[in-house]
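Examination of the molecular architecture
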Amino acid sequence: MKLIKVSGEEELSRMAAEYVFSKIKNADRVVLGLATGRTPLGMYRHLSKYSKEYKLSLSHVHTVNLDEYVGSKAYHAYMHQNVFDPIGIPNHQTHIPDGYAVDLEKECMRYEAVIQQLGGIDLQVLGIGENGHIGFNEPGTDFSSRTHVVELTESTLSANAKYFTREKQPRKAITMGIGTILESKEILLLAAGLKKAHAVRELFKGSLNENIPATVLNHHPNVTVIADRGARSLLEEES
Ligand code: PGA
């Protein structure tokens, strides 16, 4: 696992955007796995700037998101507002689980099939939860899991409560499974702030721990972590 050390969120956002942009620029066709949340927001802002500066057509970019709340379009709204519209990725090439699907099990299977039909994910961008989750794969999730419905933990609900001022926060979500994420050819994980320090320290211990889902990335051959000073604080205290 490669670690890129940055000082703060601004540098993290710029480095992450450069990383993703070079993938986009150098490929004839690319499937990006994308994350929501606070951490990648700055990266998306930079990507939007680069795509305008370089006047790059993004007709070769396909995206699949990690997750969506059940009975909500919160992450659809986030992606349109922060990513698809400003960056200019054609709508029909973007994919997010449908949290309003009548049959959620069927929706999970459909989503797996979408990823397969795209030929898999070339680069998956991940955040990391305070509890070590990736996507909405909460502690204890089977490492071989596929896209499934999850009951969110109190830690995740409280970390994300700020996004639900107008609608009631759903307690369930659809998430890509850990097995699904692990099949991505390359993974870029972004970690910012002191609240992530515990999860980051566990990640770099190198051993697998189902209670810290991100540790599964120690099993993947091509992972880069960009972490700011806060997120590295416990890691560096020990070394
Ligand atoms: P955050 O979320 O970027 O809002 O901290 C990360 C995550 O929960 O995966």
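Residues numbered from 1 in each chain as written. Predicted model: local features only at pLDDT ≥ 70, side-chain atom pairs only at ≥ 80, totals over all residues. Heavy atoms only, no water.

1. Some details on empty space enclosed by the protein
Gaps left between atoms show up when a probe the size of a water molecule is rolled over them. Inspection of every chain in the model, using the stated rule, returns one cavity of 30 Å³ or more. Its volume calculated, the largest cavity comes out at about 70 Å³. Looking at the largest cavity, the residues that line it are V20, F21, I24, L32, L34, Y44, L47, S51, L58, V83, I87 and I89. Of all the secondary-structure elements, those providing two or more residues to the lining of the largest cavity are α1 (9-25), β2 (30-34), α2 (41-53) and α3 (74-88). Residues that form the lining of the largest cavity fall into these classes: eleven nonpolar, one polar and no charged. (1 Å grid on protein atoms, 1.4 Å probe; cavity = no way out; pocket = protein on both sides within 12 Å on 5 of 7 lines; lining within 4 Å. Points joined across faces, edges and corners; volume = space filled by probe spheres on them. Helix = DSSP H or I, 4+ residues; strand = E, 2+ residues; numbered from the N terminus. Nonpolar A, V, L, I, M, F, W, Y, C, P; charged D, E, K, R; others polar.)

2. Remarks on the sheet that holds strand β10 (residues 223-227)
Taken in spatial order, the seven strands make up an open sheet running β1-β10-β9-β6-β2-β3-β5, and their pairing is parallel. Of all the strands in the sheet, the pair left with one neighbour each is β1 (2-5) and β5 (94-95). Across four bridges, the pairing between strand β6 (residues 123-126) and strand β9 (residues 186-191) is parallel. In the strand pairing of β9, Q124 is matched with I187. (Pairing = 2+ DSSP bridges.)

3. A closer look at the packing of α2 against α3
Packing of α2 against α3 leaves a shortest axis separation of 8 Å and a crossing angle of 20°. When the axis of α2 is compared with that of α3, the two are roughly parallel. Here α2 runs over α3; the crossing is left-handed. Between α2, through L41, Y44, L47, S48, S51 and K52, and α3, the contact on the second element is made entirely by Y78, M79, N82, V83, P86 and I87. Of the residues that constitute the contact of α2 with α3, the class distribution is eight nonpolar, three polar and one charged. (Axes fitted to C-alpha atoms, helices over the stretch in contact; angles between N-to-C directions. Parallel < 35°, antiparallel > 145°, perpendicular 65-115°, else oblique. Left-handed = near helix turned anticlockwise from the far one by under 90°. Contact = heavy atoms within 4.5 Å.)

4. Looking at the layout of surface pockets
For the largest pocket, the calculated volume is near 620 Å³. Taken together, 31 residues form the lining of the largest pocket, with R38, T39, I128, N160 and K196 sitting closest to its centre. With five residues, helix α5 (residues 154-160) is the largest single contributor of residues to the lining of the largest pocket. If you add up the space inside the second largest pocket, you get close to 320 Å³. Around the second largest pocket sit G37, A74, Y75, A77, Y78, Q81, N82, Y163, T165, R166 and E167, which together line it. When its residues are assigned to classes, the lining of the second largest pocket shows five nonpolar, four polar and two charged.

5. Some remarks on the side chain of N131
Position of N131 among the secondary structure elements: in the loop between β6 and β7 (148-151). Within the structure, N131 has its side chain in polar contact with the backbone nitrogen of H133 (distance 3.0 Å). A polar atom in the side chain of N131 sits 3.4 Å from the side chain of T153. Other than its neighbours up to four places away in sequence, N131 contacts E138, P139, T153, S155, T156, N211, I212 and P213. (Polar contact = N/O pair within 3.5 Å; in protein donor to acceptor, adjacent residues only side chain to side chain.)

6. Digging into the site of the ligand
Lining the immediate environment of the ligand, one finds G37, R38, T39, G127, I128, G129, H133, Y163 and K196. R38 is positioned such that a nitrogen or oxygen atom in its backbone is 2.8 Å from an oxygen atom of the ligand. Within the side chain of K196, one N or O atom sits 2.6 Å away from an oxygen atom of the ligand. Burial of the ligand by the protein chains amounts to 82% of its free accessible area of 280 Å². (Near = heavy atom within 4 Å. Areas by Shrake-Rupley, 256 points an atom, 1.4 Å probe, with all protein chains shown as cover.)

7. Some words on the packing of aromatic side chains
Enumeration over the complete set of coordinates arrives at seven aromatic pairs. Taking the centre distance of 4.8 Å and the plane angle of 80° together, the rings of Y69 and F164 count as edge-to-face. Separated by 95 residues along the polypeptide, Y69 in strand β4 (residues 67-69) and F164 in the loop between α5 and β8 (172-175) bring together distant segments of the chain. Across the pair, F164 and Y69 agree in class, each one buried. Joined through ring pairs, the aromatic side chains of Y69, Y75, F136 and F164 make up one cluster. (Phe/Tyr/Trp six-rings, centres within 6.5 Å; stacked < 30°, edge-to-face > 60°. Buried < 20%, exposed > 50% of the residue type's maximum accessible area, 1.4 Å probe, protein only.)

All quantities given are derived from atomic positions and should not be read as evidence of function.
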